[in-house]
Amino acid sequence: MHQQRSFLVLGSGGREHAIAWRLARSADNPVVYVIPGNDGIAADPIIRGGCPPVPVNDFKALAKFARNHDITLTVVGPEALLCAGVVDYFRQNRLPIFGPSKAAALLEASKAFSKEIMHSAGIATPQSEIFDNLSTAISYVRNAKHPLVIKVDGLAAGKGVVIAQDLATSEKTLRAFLANGPSGQSSKIVIIEKFLEGAETSFIVVTDGKNVATLPTSRDYKRVFDNDLGPNTGGMGAVVPAPQTDPALAKHALQRVIHPVLDELQQRGNPFCGFLYAGLMIDNGEINVLEFNVRLGDPETQALVRAMPDDLDFGLLLQNAAHGTLQDCEIPVETPAICIVMAARGYPDAPVPGDIIYGLTDSAHPENVKVFHAGTKAVKPGEFTTAAGRVLNVTACATTLSDARQDAYAAAAQIHWNGAHYRHDIGRE
Ligand code: GLY
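Residues numbered from 1 in each chain as written. Predicted model: local features only at pLDDT ≥ 70, side-chain atom pairs only at ≥ 80, totals over all residues. Heavy atoms only, no water.

*Asks:* It is not clear to me how the sheet that holds strand β6 (residues 148-152) should be interpreted in this structure. Could you clarify?
*Replies:* Within a beta sheet, neighbouring strands are joined by backbone hydrogen bonds and run either parallel or antiparallel to one another. Taking strand neighbours across the sheet as the criterion, the 4 strands line up as β5-β8-β6-β7 in an open arrangement whose pairing is antiparallel. Two strands close off the open sheet at either side, each with one partner strand: β5 (128-131) and β7 (161-164). On average, each strand axis in the sheet is tilted by 20° relative to the strand beside it, whichever way the strands run. Its contacts with the sheet put helix α8 (residues 134-142) on β5, β6 and β8 (190-194), and the angle it makes with β5 is roughly 155°. (Pairing = 2+ DSSP bridges. Helix = DSSP H or I, 4+ residues; strand = E, 2+ residues; numbered from the N terminus. Axes fitted to C-alpha atoms, helices over the stretch in contact; angles between N-to-C directions. Contact = heavy atoms within 4.5 Å.)

This is how it looks when you write it as structure tokens:
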């Protein structure tokens, strides 16, 4: 008889709730733990292992937990842990883990490195220049055509990209980024990139470094307000599949983007195993890569796990990738799916925690609706307050995207707190 599987998911947001939920839904009913998780994840009965109080940045303590609990596979959610080397540590300690090494994760940790890899591998990406000096960068934007995209080189928790429509915004952004960094920390390098028009699509695969399982395409909505107005956020919603996706996209993206980057990293001695996320801009069949991420998207994942076939053994797929035994395949969309992000008042600038959430009862929603917790705190059993900028992810899947949309918005309308806000145009064509 096979031993029962158990999974450990690292991370604390809606993406990690969704990954854990999907792993727990396998037919063999595995035990799933999430570290550090959040109170909403801990209260979800399907996540039987809950959220053990192990410090997520203490790799030794994590490894001890994984060994003591005989974890079949650890799955890493956020880029920060990957870039800090959690995968390297687990591998050195012979513990099974899914995600890229620290060296391979540089693909997301440094946009300058990512551009260099793309140029070397012949991958189409917007023309760009790299600057480490404020006055040189300012002279460049004074002579450049706007809009321009200005990015900080390092990790910036979704706050490191500004689309500057005019020179005044470019100068202000460069001063802020090169002097202080996007969240107050100092940044040494910026990338100034040509702005491209087109349809943005998140193209995410599971890979063992050579073989690739293609996940359904998705689109996220980055601006805070309807009609793509207001500042960028971590993501206010997502749909799967990405609207108007050309059926040949997967083939082209694999040939022109995914395999070239995997081969390039392999040749440099840093093979990539993990979720590889290419942010694509598609215009008239032309594919350009805007960015690579070394993890699943948030909130794309929350919609992705709803769109995957119910009988897909997601855990086994990741186990095969981690052990280098993945088979090339394409995971189909069983049903279109949507995720609506409900945000705290003040998000994205200054989110306010501590507002009591009303109407949050799983049993009140139809079966095709699932609410993932991104940032909540339990004040008593079944009662939560807001605890982060992005608070809840209301997801639904249905035969058509339009039905999924209707059900997700009906569920979101039942949930409220002081200053809760969400976009009303997710999935609207
Ligand atoms: N939704 C964009 C990201 O996860 O980076």
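*Asks:* Would you mind showing me how to read the site of the ligand here?
*Replies:* Residues in contact with the ligand, as listed here, are D220, G234, Y277, N293, R295, G297, D298 and E300. Within the side chain of D220, an N or O atom sits 2.6 Å from a nitrogen atom of the ligand. N293 is positioned with one of its side-chain polar atoms (N or O) 3.4 Å from an oxygen atom of the ligand. Surface burial for the ligand is 89%, taken as the share of its 200 Å² of free accessible area covered by protein chains. Partitioning the shell around the ligand into residue classes produces 1 nonpolar, 3 polar and 4 charged. (Near = heavy atom within 4 Å. Polar contact = N/O pair within 3.5 Å; in protein donor to acceptor, adjacent residues only side chain to side chain. Areas by Shrake-Rupley, 256 points an atom, 1.4 Å probe, with all protein chains shown as cover. Nonpolar A, V, L, I, M, F, W, Y, C, P; charged D, E, K, R; others polar.)

*Asks:* Sorry if this is basic, but what is going on with the packing of aromatic side chains here?
*Replies:* One pair of aromatic rings is described through two measures. These are the centre distance and the angle between the planes. The tally for this structure, following the rule as stated, stands at 7 aromatic pairs. Measuring from ring centre to ring centre gives 5.5 Å for W21 and F372, while their planes differ by 75°; the resulting arrangement is edge-to-face. Taken together, the positions of W21 in helix α1 (residues 14-24) and F372 in strand β19 (residues 369-373) put the pair 351 residues apart, joining distant regions of the chain. We classify W21 as buried; its relative accessible area is 8%. By relative accessible area, which is 0% here, F372 ends up buried. When the centroid spacing of 5.1 Å and the interplanar angle of 50° are considered together, the rings of F131 and Y140 count as tilted. (Phe/Tyr/Trp six-rings, centres within 6.5 Å; stacked < 30°, edge-to-face > 60°. Buried < 20%, exposed > 50% of the residue type's maximum accessible area, 1.4 Å probe, protein only.)

*Asks:* Is there a simple way to explain the pattern of salt bridges in this structure?
*Replies:* Pairing between side chains of opposite charge can happen when the charged atoms of each approach one another. Scanning the entire structure with this criterion turns up 20 salt bridges. Between R142 and E171 there is a salt bridge, and its shortest N-O distance comes to 2.8 Å. One end of the pair, R142, is in helix α8; the other, E171, is in helix α9 (residues 167-180), and 29 residues separate them in sequence. Between R175 and E171 there is a salt bridge, and its shortest N-O distance comes to 3.6 Å. Of this pair, R175 and E171 are both found in helix α9, 4 residues apart, which corresponds to roughly one turn of the helix. According to the relative accessible area criterion, E171 is buried, its value standing at 13%. Salt bridges here are not isolated pairs; linked through shared partners, they connect R5, D28 and D313. (Salt bridge = Lys/Arg side-chain N within 4 Å of Asp/Glu carboxyl O.)

*Asks:* I'm lost on unusual backbone geometry in this one. Help?
*Replies:* Glycine aside, residues mostly have negative phi angles, and peptide bonds mostly take the trans form. Cis geometry is adopted by the peptide bond preceding P241, which originates at V240 and carries an omega value of 0°. Within the secondary structure, P241 sits in the loop between β14 (237-240) and α10 (249-267). Residue P299 is bonded to the preceding D298 through a cis peptide linkage, with omega at 25°. Relative to the assigned elements, P299 resides in the loop between β16 (286-293) and α11 (300-307). The phi dihedral of D228 is positive, around 55°, even though this residue is not glycine. Tracing the sequence through the fold places D228 in the loop between β12 (223-225) and β13 (229-232). Of the residues examined, D228 reaches a relative accessible area of 44% and is grouped as partly exposed.

*Asks:* Whenever I open this one, the sheet that holds strand β18 (residues 337-343) confuses me. Can you help?
*Replies:* Taken in spatial order, the 5 strands make up an open sheet running β11-β14-β18-β22-β19, and their pairing is antiparallel. Single-partner strands in this sheet number two, and they are β11 (219-220) and β19. As defined by bridge partners, β18 adjoins strand β22 (residues 390-397) across 7 bridges and the pair is classed as antiparallel. In the strand pairing of β22, I340 is matched with V394. Strand contacts of helix α13 (residues 401-413): β14, β18, β19 and β22, with the helix running at about 25° to β18, the strand carrying the most contacts.

By themselves, these are just geometric observations and shouldn't be taken as functional.
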